[in-house]
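Structural characterization, general
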Amino acid sequence: AQSVTQPDARVTVSEGASLQLRCKYSYFGTPYLFWYVQYPRQGLQLLLKYYPGDPVVQGVNGFEAEFSKSNSSFHLRKASVHWSDWAVYFCAVSSNTGGLSGKLTFGEGTQVTVIS
Amino acid sequence: EAAVTQSPRSKVAVTGGKVTLSCHQTNNHDYMYWYRQDTGHGLRLIHYSYVADSTEKGDIPDGYKASRPSQENFSLILELASLSQTAVYFCASTRQGAENTEVFFGKGTRLTVV
């Protein structure tokens, strides 16, 4: 069965500093991978997605992620954090069977707190 | 813009009562999903549907039923609500058969069972 692990439940970062959020996945075959952000009392918004191809994917608001098959990882990065990045970030994996990409398996999430 | 609308946005239900959560999408998507989120955790799939009048079990279907009366509408039904079903519920939709497609989420329904 597929699974996602986000080892850091909480991360605190200074505004303007860089950010890395870790994600490890378990999936038989080639996965589709996603990072979502959830702002307080809001739904999930897609930051970026990986489909087989270039291992580095660019997302919105300056986020990027790198896929590593050898490490079973899909870490999220941002060079300079803004206070508006204060949110919960979820890594997710889905089936690559056509039409079932909405069957997502989520990690537990990482709460990012931005301090000045 | 793709839209998934959930109603109600918040509900308090009594233990043993019946609860219906509704979801409406205007995306013309074939697939719809119901997820639940517990405080401090990720989302888990309850039920999904790929066509009207048909539903499938997800990873945690026990205690829930689903109904897809039309392509646009997908309901989640708790026949006998229990305290353990207190959570935030999200509906989502996506297109059929397309690998490179985005999943669109609603804003969620906060359910409190007392």
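Structure: above.
This write-up is about the structure you can find in this document. What you see is a predicted model, and the numbers here were worked out from it, not measured in a lab. Note on numbering: residues in each chain are counted from 1, in written sequence order. The order in which chains are written sets their letters, starting at A; the order in which ligands are written sets their numbers, starting at 1. Local features in a predicted model are, by the rule used here, given only for residues with pLDDT of at least 70; side-chain atom pairs are given and counted only at 80 or more, and totals for whole chains, interfaces and linings are based on all residues. In computing side-chain values, all of the structure's heavy atoms are included and hydrogens and water are not.

Cis geometry is adopted by the peptide bond preceding proline 8 of chain B, which originates at serine 7 of chain B and carries an omega value of -10 degrees. Within the chain, asparagine 61 of chain A stands out as a residue other than glycine whose phi angle is a positive 55 degrees. Examined against the element boundaries, asparagine 61 of chain A turns out to sit in the loop between strand S7 (56–58) and strand S8 (63–68). Only protein chains enter the area calculation, which uses a 1.4 Å probe; residues under 20% of their type maximum are buried, those over 50% are exposed, and those in between are partly exposed. Residue class for asparagine 61 of chain A comes out exposed when judged on its relative accessible area of 51%. Labels follow the DSSP assignment, with helices taken as runs of H or I lasting at least four residues and strands as runs of E lasting at least two, numbered in each case from the N terminus.

Here, a disulfide means two cysteine sulfur atoms that sit within 2.5 Å of each other. What the rule picks out here adds up to 2 disulfides over all chains. Each disulfide pairs two cysteine sulfurs, and for cysteine 23 of chain A the partner residue is cysteine 91 of chain A, the sulfurs being separated by 2.0 Å. Of note, the bridge from cysteine 23 of chain A to cysteine 91 of chain A carries an S-S torsion of about -65 degrees and is left-handed in sense. Of this pair, cysteine 23 of chain A sits in the loop between strand S3 (19–21) and strand S4 (24–26) while cysteine 91 of chain A sits in strand S10 (residues 87–94), and the two are 68 residues apart along the sequence. In this structure, cysteine 23 of chain A and cysteine 91 of chain A share a single accessibility class: buried. For cysteine 23 of chain B, the disulfide goes to cysteine 91 of chain B, at an S-S distance of 1.9 Å. As the torsion about the S-S bond is roughly -80 degrees, the cysteine 23 of chain B-cysteine 91 of chain B disulfide counts as left-handed. A residue pair is termed long-range when its members are at least 10 positions apart, and cysteine 23 of chain B in strand S3 (residues 19–25) and cysteine 91 of chain B in strand S9 (residues 87–94) qualify at 68 residues. On the basis of relative accessibility, which here comes to 3%, the residue cysteine 23 of chain B falls in the buried class.

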